[in-house]
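Understanding the architecture of this molecule
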Amino acid sequence: MTQDRRVRVRFAPSPTGALHIGGVRTALYNYLFAKKHGGDFVLRIEDTDQTRFVPGAEEYIIESLKWLGIEPNEGVGFGEGPHAPYRQSDRKPMYRQFAEQLIAAGYAYYAFDTAEDLEAMRERLKASNVDAKYDGITRSAMKNSLTLPEDEVKRKLENGDPYVIRIKLPRKEEVKFHDEIRGWIIVNTSQMDDKVLFKSDGMPTYHLANVVDDWDMKTTHVIRGEEWLPSAPLHVLLYRYLGWEDVMPKFAHLPLLLKPDGTGKLSKRDGDRLGFPVFPLDWEDPKTGEKSSGYKQAGYLPEAVVNLLAFLGWNPGTHQELFSLEELIAAFTLERVGKHGAKFDQNKAKWYNQQYVRKVDNHLLAPSLKAALALNVPEATFSDEYIEKVCGIVKEKISFVKELWDYSNYFFIEPANYDEGVIKKRYNEKVPQLLSDLIEAFSALAEFSHSNTEAAYNAVLAKNEVASKDFLQLFRVCLSGVAGGPPIFEMVEIFGKDKTIQHLNKASASIKG
Ligand code: GLU
C-alpha cells in the first residue's frame, strides 16, 4: 500500500538540547531518502515532554540543518505545509480523540494510580523477583478503569482526579513487523508494558503523538535511530488498534554511532576527552552554562560533515569515498545501511575536511588568509592574485581553513627561525658557496618559472658536486624556515625572484652549521 504513496519522511527531534551528530545523521539519511524518491522531508518537533524542553534547542536544530544544506521542505522553521502545525505542543488538541477512541474500542484504559501506588507495586514485585512493569498481569491489582467499578471511574473523571491513559496490551501475543534494515522483528507482548499514551493535562506521550502525527502527516517511512527500535512494536500495535494498519509507515532503524573504540554510544564526553565536536554548531546550555564546540566553529566545511556522516552507517559498495550531496542522493539506499554500530573515526573526519578544503576555490579561501595577514602583518601589501596563488598551493597541505596562515606565513614574511633538525643534519662547509651560487644563478634568470628555477638549481648543484637529496631540504628551510611544505619550485615561482633572493640572502647570513 505504502509503495503507491508519495514518499514522505520526517526528522522528529525533541528539543532537549544541542542536536547530537547521531541525530544529524538521522536527518541526513531522511533527506537523502526523500530526495532520491522525489518525496518530502518534514521537520516535526516532538516536545510533548515539557519537563525536558530546553530554550534555544529548536532554533539550534533549524540552524544546523540549514548550515549543512539538508533542509526540510516542510515543517517547523521551513514553511508551513498542508499538515501544519508541526510542533506537537501546538497540535495538543488533536490527540485526545484518539486516546478516547482506543478506550472505546477496548485497547486502552484509564489508570488512577498515584506515584506511591506505583512505587508500592514496584517494591512488591521486586521482592518476589518479578519484572516490575504495569502489564496484563499487574494491572489487575492496580487502580484503573478495568479494576474499579464503572461509577467510581466516572466519579473520578468528573472530579478531575489525575489519571493517565494506558494501552491495554494482550498478555501474550507476537507482534511482528518488518524493518527495512534489520529484517523481520518479532516481539512478544509479554515482554512489553502498558505504556502511558495520554495524561490528564491533555498532553499525549511521545508514543501516541508520534503515531498520530505520522498517520496525519502521511509519513511513508520512519527512518530513525536504533534507540527507538524497542518502541516500534508498541507503535505497530497503535497503528493496528487505531485502524491505520494499511497506511502504516515502513520502519528503518539506523545503527548506533559508536565511540572510536567501539565500546558504546558516542557521547559528548568522548568528544571532550578526545578533542572532537559531537555537535554541528557551538552550543551553550542555557541551564548549566556548559559550552560545547561544534563542527562549524571547529573549522569543518558542511560538505565534509555531510560526507563523513553519510559514511557512518552507510557505504556505497564501491571504493569511492568522496560524494557531493547530489551524488549521495543518487547512491543512497536503505539496503546499504548497516545493522551494526558505526565507529566514529576522528582522523577520518579530519581527512574528509582536508579533501573538501582542497576543493574550495582559491578566491573563496583568500579572505580568510587576508584576515590573518591583516592581523599578523598590518602593513603588508600583497596583491589579490598573489594571495590567491598562495591559497592554491597551501590548501593541499592543510586540514582546516584556519590553518592557512600557519602554513603560509613565509610567503609574506621572512622566516624568523630555521628548522634546527634539518640544519644539523644537512649543513656542511659547501653550503655558503651553494647559497651564493644560487643567488647569482637566480638573479640572472629572465623568466622565474618553476622549471627555470629548478634547472638553475640543478646546474648549481652539479657544479658544486652536491647531490640534490643532500641539499634540497636545507634549501627549503632557507626559503621558508620549515621542513615541510608545498612542491618547492612551485613555491619558488610564487615567491618570485625578489623574495626568493631576499630569503636566500637572509638564510646565508643567519644559518651557521
Ligand atoms: N522524538 C524522537 C527523538 O527525539 C523521534 C523518534 C522518531 O523519529 O520516531 O529522536
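Our structure is the block above this text.
Residues numbered from 1 in each chain as written. Predicted model: local features only at pLDDT ≥ 70, side-chain atom pairs only at ≥ 80, totals over all residues. Heavy atoms only, no water.

Next up on the list: the overall build of the chain. Secondary structure summary: the chain contains 19 helices and 14 strands in total. Taken along the three principal axes of its C-alpha coordinates, the chain extends 110 × 50 × 40 Å. Scored against the burial criterion, the 513 residues of the chain give a buried share of 50%. Of the accessible surface of the chain, which amounts to about 24000 Å², a share of 50% is contributed by carbon and sulfur atoms. The averaged location of the 73 negative side-chain charges in the chain is 4 Å from the averaged location of its 66 positive side-chain charges. (Helix = DSSP H or I, 4+ residues; strand = E, 2+ residues; numbered from the N terminus. Buried < 20%, exposed > 50% of the residue type's maximum accessible area, 1.4 Å probe, protein only. Areas by Shrake-Rupley, 256 points an atom, 1.4 Å probe, with all protein chains shown as cover. Lys, Arg positive; Asp, Glu negative; His and termini not counted. Charge placed at Lys NZ, Arg CZ, Asp CG, Glu CD.)

For the pair helix α16 (residues 431–443) and helix α17 (residues 450–463), interaxial distance at closest approach is 10 Å and the crossing angle is 140 degrees. Like other packed secondary-structure pairs, α16 and α17 cross with a definite hand, here right-handed. Residues L434, D437, L438, A441 and F442 of α16 lie in contact with α17, whose contacting residues are T453, A456, Y457, V460, L461 and K463. In terms of residue class, the contact of α16 with α17 is made up of eight nonpolar, one polar and two charged. (Axes fitted to C-alpha atoms, helices over the stretch in contact; angles between N-to-C directions. Left-handed = near helix turned anticlockwise from the far one by under 90°. Contact = heavy atoms within 4.5 Å. Nonpolar A, V, L, I, M, F, W, Y, C, P; charged D, E, K, R; others polar.)

In terms of nonpolar packing, the biggest core is built from 119 residues, with F411, F471 and F475 touching the most fellow members. In contact with F471, not counting residues within four places along its chain, are V431, L434, L435, L438, Y457, L461 and V466. Judged by nonpolar contacts, the second largest core, of 38 residues, contains I185, V211, A232 and V236. (Core = buried A, V, L, I, M, F, W, Y, C linked by side-chain atoms within 4.5 Å.)

With that out of the way, let us pick up unusual backbone geometry. Cis geometry marks the peptide bond from A84 to P85; its omega dihedral reads -5 degrees. If you trace the backbone, P85 turns up in the loop between β3 (74–75) and α3 (96–104). The phi dihedral of N129 falls on the positive side, at around 60 degrees, and the residue is not glycine. In this structure N129 comes out as exposed when scored by relative accessible area, which is 74%.

A few words now on the site of the ligand. Within the structure, the ligand sits among R10, A12, P13, S14, E46, Y206, N210, R224 and W228. R10 places a side-chain nitrogen or oxygen 2.8 Å from an oxygen atom of the ligand. Note that a nitrogen atom of the ligand is positioned 2.6 Å from one of the side-chain N or O atoms of E46. Alone, the ligand offers 300 Å² of accessible surface; in the complex the protein occludes 85% of this. Within the shell around the ligand, the residues separate by chemical class into four nonpolar, two polar and three charged. (Near = heavy atom within 4 Å. Polar contact = N/O pair within 3.5 Å; in protein donor to acceptor, adjacent residues only side chain to side chain.)

What follows concerns helix α19 (residues 488–510). With 23 residues, α19 extends just 21 Å between its outermost C-alpha atoms, more than 12% less than the 33 Å of an ideal straight helix rising 1.5 Å per residue. The largest bend in α19 is about 110 degrees, located at G496. (Expected span 1.5 Å × (residues − 1). Bend = angle between axes of the 7 residues up to and from the residue.)

Quick look at the pairing of strand β5 (residues 164–167) now. Relative to β5, strand β4 (residues 108–111) runs antiparallel, the two being bridged by four bridges. Of the residues in β5, the one forming a bridge with Y109 is R166. (Pairing = 2+ DSSP bridges.)

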